[in-house]
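So the chains spell out like this:
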Amino acid sequence: MATKSKVFKCVYYSILGFLVIVYSIFGGYLFSTLESKQGENPRERVQSARDNGIKKLWHVIRGQGKDDRLEWEKNTRLILKDFEQEVFQAVSQDGWDGEDVGSDYTKWDMVAAVLYSVTLITTIGYGNITPKTDAGKIATIFYSIFGIPLFLIFLAKIGRLLAVGVRLLFSNSINKRLSRNELAGVPVTVSIIIIILYLLLGAVLFSYMEQWDYLTGAYFCFITISTIGLGDYVAGQGAGYHNRKHLIFTTIYVLIGLSIVVMSFNLMQEKVRAYVKKFARCLASGNFKKPFRRSGKSTQMRSVFFGKNAENSTSAV
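Source: prediction; values computed, not measured. (Residues numbered from 1 in each chain as written. Predicted model: local features only at pLDDT ≥ 70, side-chain atom pairs only at ≥ 80, totals over all residues. Heavy atoms only, no water.)

Peer 1: Tell me about the overall build of the protein, residues and numbers included.
Peer 2: Each helix and strand counted, the protein has ten helices and zero strands in total. When the helices and strands of the protein are listed from N to C terminus, the series reads α-α-α-α-α-α-α-α-α-α. Within the protein, the proportion of its 317 residues that are buried is 37%. The long-range share in the protein, meaning contacts at least 24 apart out of those at least 6 apart in sequence, stands at 68%. About 19,400 Å² of surface is accessible on the protein, with carbon and sulfur atoms providing 63% of the total. (Helix = DSSP H or I, 4+ residues; strand = E, 2+ residues; numbered from the N terminus. Buried < 20%, exposed > 50% of the residue type's maximum accessible area, 1.4 Å probe, protein only. Contact = heavy atoms within 4.5 Å. Areas by Shrake-Rupley, 256 points an atom, 1.4 Å probe, with all protein chains shown as cover.)

Peer 1: Any chance you could break down the packing of aromatic side chains for me, citing the residues and the numbers?
Peer 2: Taken as a whole and assessed by the stated rule, the structure comprises 17 aromatic pairs. Ring geometry for Tyr12 against Tyr13: centres 6.0 Å apart, planes inclined by 40 degrees, an arrangement best described as tilted. What makes Tyr13 buried here is its relative accessible area of 17%. Taking the centre distance of 5.3 Å and the plane angle of 90 degrees together, the rings of Phe206 and Tyr253 count as edge-to-face. Of the two residues, Phe206 is situated in helix α6 (residues 188–210) and Tyr253 in helix α8 (residues 244–285); the sequence distance between them amounts to 47 residues. As far as burial versus exposure is concerned, Phe206 and Tyr253 are alike and both buried. Through a chain of ring-to-ring contacts, the aromatic side chains of Tyr126, Tyr198, Phe206, Trp212, Tyr219, Phe220, Tyr233, Phe249 and Tyr253 assemble into a single cluster. (Phe/Tyr/Trp six-rings, centres within 6.5 Å; stacked < 30°, edge-to-face > 60°.)

Peer 1: Can you explain the nonpolar core? Please cite residues and give values.
Peer 2: Across soluble globular proteins, you tend to see nonpolar side chains buried next to one another. Residues Phe31, Phe151, Phe206, Phe220 and Tyr253 are the most contacted members of the largest nonpolar core, which totals 40 residues. Elements supplying a minimum of two residues to this core: α1 (2–35), α4 (110–121), α5 (134–173), α6, α7 (214–225) and α8. In contact with Phe31, not counting residues within four places along its chain, are Ser36, Trp108, Ala113, Tyr116, Ser117, Leu120, Gly136, Ala139, Thr140 and Tyr143. (Core = buried A, V, L, I, M, F, W, Y, C linked by side-chain atoms within 4.5 Å.)

Peer 1: So what about α6? Which residues, and what values?
Peer 2: Between its terminal C-alpha atoms α6 stretches 33 Å, which fits the 33 Å expected from 23 residues at 1.5 Å a residue. Regarding α6, the residues found buried are Ser191, Tyr198, Leu199, Gly202, Ala203, Phe206, Ser207 and Glu210. Taken from the residues just after α6, Gln211 is the one with a positive phi, measuring 60 degrees. (Expected span 1.5 Å × (residues − 1).)

Peer 1: Outline the environment of Thr227, supporting the account with residue identities and numerical values.
Peer 2: Of note, Thr227 is situated in the loop between α7 and α8. The sequence separation of Thr227 and Ile124 amounts to 103 residues, and the corresponding C-alpha distance is 4.3 Å. If sequence neighbours within four positions are ignored, Thr227 has contacts with Thr122, Thr123, Ile124 and Leu258.

Peer 1: Would you mind going over the pattern of salt bridges in detail, with residue names and values included?
Peer 2: The final tally for this structure, using the stated rule, is one salt bridge. Glu73 is paired through a salt bridge with Arg77; the nearest N and O atoms lie 3.9 Å apart. On the criterion of helical spacing, the pair formed by Glu73 and Arg77 is a turn pair, its members being four residues apart in helix α3 (residues 69–92). (Salt bridge = Lys/Arg side-chain N within 4 Å of Asp/Glu carboxyl O.)

Peer 1: For unusual backbone geometry, give the residues involved together with the corresponding values.
Peer 2: In this model, Gln211 sits at a positive phi of 60 degrees, which is unusual for a non-glycine residue. Relative to the elements of secondary structure, Gln211 occurs in the loop between α6 and α7. Residues other than glycine seldom take positive phi values, yet Thr227 does so here, at roughly 60 degrees. Thr227 gets classed as partly exposed once you look at its relative accessible area, which sits at 27%.

Peer 1: Can you break down the packing of α4 against α5 residue by residue, with the values?
Peer 2: With their axes 8 Å apart at the nearest point, α4 and α5 run at an angle of 65 degrees to one another. Judged by the twist between their axes, the crossing of α4 over α5 is right-handed. Each of Tyr116, Ser117, Leu120 and Ile121 in α4 lies in contact with α5, whose residues at this interface are Thr140, Tyr143, Ser144, Gly147, Ile148 and Phe151. (Axes fitted to C-alpha atoms, helices over the stretch in contact; angles between N-to-C directions. Left-handed = near helix turned anticlockwise from the far one by under 90°.)

Peer 1: Before we move on, could you go through the environment of Ile129 and cite the residues and values that matter?
Peer 2: Locating Ile129 in the fold gives a position in the loop between α4 and α5. Taking the C-alpha atoms as reference, Ile129 lies 8.3 Å from Trp108; in sequence the two are 21 residues apart.

Peer 1: So what's going on with the environment of Ser191? Which residues, and what values?
Peer 2: Locating Ser191 in the fold gives a position in helix α6. Non-local contacts of Ser191, meaning those with residues more than four positions away in its chain, are made with Ser264, Leu267 and Met268.

Peer 1: Describe the side chain of Thr76, naming the residues involved and giving the relevant values.
Peer 2: Checked against the element boundaries, Thr76 lands in helix α3. Every residue in contact with Thr76, bar those within four places of it in the chain, is listed here: Leu57 and Val60.

Peer 1: Lay out the packing of α7 against α8 with the relevant residues and their values.
Peer 2: Interhelical geometry of α7 versus α8 gives an angle of 65 degrees and a closest axis separation of 9 Å. Between α7 and α8 the crossing geometry is right-handed. Of the residues in α8, those in contact with Phe220, Cys221, Thr224 and Ile225 of α7 are Thr250, Tyr253, Val254, Gly257, Leu258 and Val261. Across the contact of α7 with α8, the residue classes break down as seven nonpolar, three polar and no charged. (Nonpolar A, V, L, I, M, F, W, Y, C, P; charged D, E, K, R; others polar.)

Peer 1: Report on the confidence of the model for the protein, specifying residues and quantitative values.
Peer 2: For the protein, the mean per-residue pLDDT works out to 80, and 79% of the residues sit at or above 70. Element-level pLDDT for the protein is lowest in helix α10 (residues 308–316), with a mean of 43, against a maximum mean of 95 in α7. Contacts from residues 290–317, a stretch scored under 50 in pLDDT, to residues over four places away or in other chains number 27 contacts. (pLDDT = per-residue confidence, 0-100.)

The structure is reproduced here in structure tokens:
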């Protein structure tokens, strides 16, 4: 029975992981198809505004006298102001990518679209690229509705599996040969250290790849793994979305990082639950009224927050 249970869990986890990967790739293909054709419209708009501005400047230059500098500056500022407004609207409303008409560059290539899909189902949502077409907006809604629950289920199962592995390693490291159901509890500090090390690793790697300083790299990793996703810094954006290696690495880093965070929370919740139960028993028995007396009451309160070692040291005093 135990063997069948392990095989079933292995198959179940594999199917979940496969579904997440396939769903992300499907989302990349879907959004790349829907949004890639949108790129020409804002490019044509900016190019038209640029051409019109050049013509207006030429007429101003030909129509003004050589000594009429103030009038020339006034008209030139108005023309440039109109062009700036066109560019601003093309970027904010239409998502202009800074390229000219006919360019092969698109920010909605397959890799970038997959990363966008991953930020949807993980609820990170950088916001550096957003759908501009009606079909893309509708697809985003329904894709997220089905994708977020799928990823949360996958994340919960993988986090629990990793937590069991960490407990097993920790039990072996302290020479406690226990069964799987009796694994030693992992201290909260170990979980915190795991998260910090992963953030520092990401900070070093991203600062090297993106030419950021270490603080910016750590900031980006924290904002990403915490799913805050401000979008002020996005890997691959500085070098352009043609650099697919950065986008692929970011996707992998996000998936592994979120699994580690869930694993750490899984490890910590047992300790926190045990502390809360002990504290509740102290409240029920009334031992919280005099916590600073060197008595059994004080010992119980210390054991709630510091464990049995604190209790032994207090009794020794």
